[in-house]
Amino acid sequence: MLEMRKDIFADERDDDLREVGRPTQRQDILGHVTGTSAYYDDHHFANLLHLKVLRSPHPHARIRSIDDAAAARAPGVKRIIRGADVPVNLNTLLSLIQFGKDDEPSLATETVRYRGEPILAVVATSERAARQALELVRISYDPLPAVFDVEDALKPGAVSVNPVYPKNTFDYHRKYDHQKLRFGDVEAAFAKADMVFEERYQMSPIEHAPTETNGSIAVPDTNGRFTVYTSTQALFFSLDTSAKINAMPSNQLHFIGGTVGGGFGGKVDTLTEPLAILAARLTGAPVRYRLSRHEEMQFGSPRGAERIYIKDGVMRDGRIVARKVRAYFDSGAYTRLSSYAVVKCVAHIPGPYTIPNVHGDVYCVFTNRTPATAMRGFGVTALDFALECQMDKDAVAIGMDPLEFRVLNAYRDGDMKAHRRVAKNCALIECAQVAAERAHWPLRDEFRRMSSRKGGGEARAEAVADRTLKPAPPGAPRTPASSSQRAAYERPPADAKSPASPARDMPSPAAPPPSGSTHGVRRFSSIFGTRRR
């Protein structure tokens, strides 16, 4: 396996990465500040038509009937497009790499499964004409029960959201309902741990809110091909998806990207190109399909809402001996990219820490929400947040400095990861040491001497033996795993000049914080929401 080595890639990049504090100029900055950067919507064509979509007002409903006769006769309307007009109506992005089943229609035909799902498209000579025609369409619905919570969706008798995945979970390898990780024996380790902590973390969907909404223009060429100007972040994904949905060879499509007016992952999905191309094929004219701001927020995918449970077994000397993670990714009504986010999440358990016993179960769950997608590190970002909050809480509960707690448990070269790969080229300890120095965060001498490059588990065992925070003596009471003891965290009083005293049910630390420390653990903002000093 090829490793990232500087000598191999010496000619590929400048390895002088001292950028902080330097006024480095972006390559595209001149175009932006002079207003000359070209976006997909800056292209103008004669006889340009406009496509607008009628969307579901219900989170879950059966479509009884559609009456579009009046809309078809409306001024400026050139074509009405229904699901039956789409050559391959069901699709999922990752089916291009044989990952998942086609489950999302370009236009719904029998059932809508989230508020804002596309049902019918109108192609007209102006956006105004298209919008006015949409108001003439009459659709009759039978509302159906909906489910919006990931754990409710997995309960017996829950509403089945997506018929392709009737149990509301994505099928991995067509037979597993989740991704799992097993390393060591967590239950035995919990039984031996001095303390056991379990917490729940809930994330919210996040809208990307790009300045430029999703959009594209499809233009018929004279040789039977179509040129597509698009804001996509994933040019070849969009090209291949559009070819598949339109049942046409990919070499009949010429995609032109360019400046993306904000994406952050929200323009990886192929939301507008397939219907724009279909409309151009059906009318023989160039067609623009761009989302309004309302559509961008209702139909454009958000970051998924993750729910994460973490249970840690910790020794009083600072070692984490067991970690159990159970997580649910809210995919919304269809797959899009959430199934891949779950794979990334499991690959990141238990974080950059050597833990001898790890257990992970992560589910991709379908609900009647807008389908979720990529957003800057999706699958890892939320898990990282939860894991690092958990690390803070673990450290506080045993009376240890949060940064020293991380250094003690960090990967070292030679450690065996929970995924059964040997850790190499580790640098977390060194990064922590530099960060502590720059932030004037005091580390004790033994932690300043530690290295990621020495000895793996042996170095950690030696560090634990040398620590001033000694393990509990033989026979000392230990928190039983069966009654997962939680630390109670409270904000300090508003008029307090120093950190508040620990709550009464917080486990007593084995030793006081390091002498000479100029900070108290209650100032750590990710736990208490208070400002660091």
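Residues numbered from 1 in each chain as written. Predicted model: local features only at pLDDT ≥ 70, side-chain atom pairs only at ≥ 80, totals over all residues. Heavy atoms only, no water.

Enquirer: It is not clear to me how the environment of H60 should be interpreted in this structure. Could you clarify?
Expert: Among the secondary structure elements, H60 is positioned in the loop between β1 (49-55) and β2 (61-67). In this structure, the C-alpha to C-alpha distance between H60 and T367, residues 307 residues apart in sequence, is 9.9 Å. Here H60 is in contact with T111, V112, R113, P143, L144, P145, A146, V159, S160 and N368, once residues within four sequence places are set aside. (Helix = DSSP H or I, 4+ residues; strand = E, 2+ residues; numbered from the N terminus. Contact = heavy atoms within 4.5 Å.)

Enquirer: Even after reading the chapter, I still don't get the packing of aromatic side chains, so can you show me in this structure?
Expert: The description of an aromatic ring pair uses the distance of the two centres, along with the angle that the planes make with each other. Within the structure shown, the criterion is met by nine aromatic pairs. On the numbers, 6.2 Å between centres and 80 degrees between planes, the contact of Y114 with Y334 is edge-to-face. Here Y114, found in the loop between β6 (111-112) and β7 (118-124), pairs with Y334, found in the loop between β16 (320-332) and α9 (338-348); they are 220 residues apart in sequence, far enough to count as distant. Taken individually, Y114 and Y334 each receive the classification buried, so the pair is uniform in this respect. Judged by centre distance (5.9 Å) and plane angle (70 degrees), the rings of Y340 and F378 are edge-to-face. Note that Y340 is positioned in helix α9 and F378 in the loop between β17 (358-366) and α10 (381-397), a separation of 38 residues in sequence. Taken together, the aromatic side chains of F99, Y165, F170, Y172 and F366 make up a single cluster linked through ring pairs. Seen from the ring of F299, R55 lies directly overhead, with NZ or CZ sitting 4.3 Å from the centre. Its end group placed over the ring of Y309, R326 keeps NZ or CZ at 4.2 Å from the ring centre. (Phe/Tyr/Trp six-rings, centres within 6.5 Å; stacked < 30°, edge-to-face > 60°. Buried < 20%, exposed > 50% of the residue type's maximum accessible area, 1.4 Å probe, protein only. Lys NZ or Arg CZ within 6 Å of the ring centre and 35° of its normal.)

Enquirer: What am I meant to see in the sheet that holds β6 here?
Expert: The strands making up a sheet associate through hydrogen bonds between their backbones, and the pairing can be parallel or antiparallel. Ordered in space as β6-β2-β8, the three strands form an open sheet in which the pairing is antiparallel. Since the sheet does not close on itself, it has two edges, and those belong to β6 and β8 (138-143), each with one partner. Relative to β8, β2 is paired through six bridges, and the arrangement is antiparallel. Across the sheet, residue A61 finds its bridge partner in β8, namely P143. (Pairing = 2+ DSSP bridges.)

Enquirer: What should I look at first to understand the confidence of the model for the protein in this one?
Expert: Predicted coordinates in areas of low pLDDT are best not read in detail. When pLDDT is averaged along the protein, the result is 87, and 83% of the positions lie at 70 or above. A low-confidence stretch, residues 468-533 stays under pLDDT 50, and its non-local contacts, those more than four residues away or across chains, total 119 contacts. (pLDDT = per-residue confidence, 0-100.)

Enquirer: Can you help me understand the pattern of salt bridges in this one?
Expert: Two side chains that carry opposite charge are able to pair once their charged atoms sit near each other. The tally for this structure, following the rule as stated, stands at 31 salt bridges. Note that E127 is salt-bridged to R290, the shortest N-O span being 2.8 Å. Residue E127 is located in helix α3 (residues 127-134), and its partner R290 is located in strand β14 (residues 287-290); the two are separated by 163 residues in the primary sequence. The exposure class of E127 is buried, given its relative accessible area of 18%. On the basis of relative accessible area, R290 is assigned to the partly exposed category, the value being 26%. A salt bridge links R323 to D312; its shortest N-O distance comes to 2.8 Å. Of this pair, R323 sits in strand β16 while D312 sits in strand β15 (residues 306-314), placing them 11 residues apart in sequence. Among the residues examined, R323 registers a relative accessible area of 0% and is labelled buried. Judged by relative accessible area, D312 falls into the buried class, the value being 0%. Salt bridges here are not isolated pairs; linked through shared partners, they connect D41, E127, R131, R288 and R290. (Salt bridge = Lys/Arg side-chain N within 4 Å of Asp/Glu carboxyl O.)

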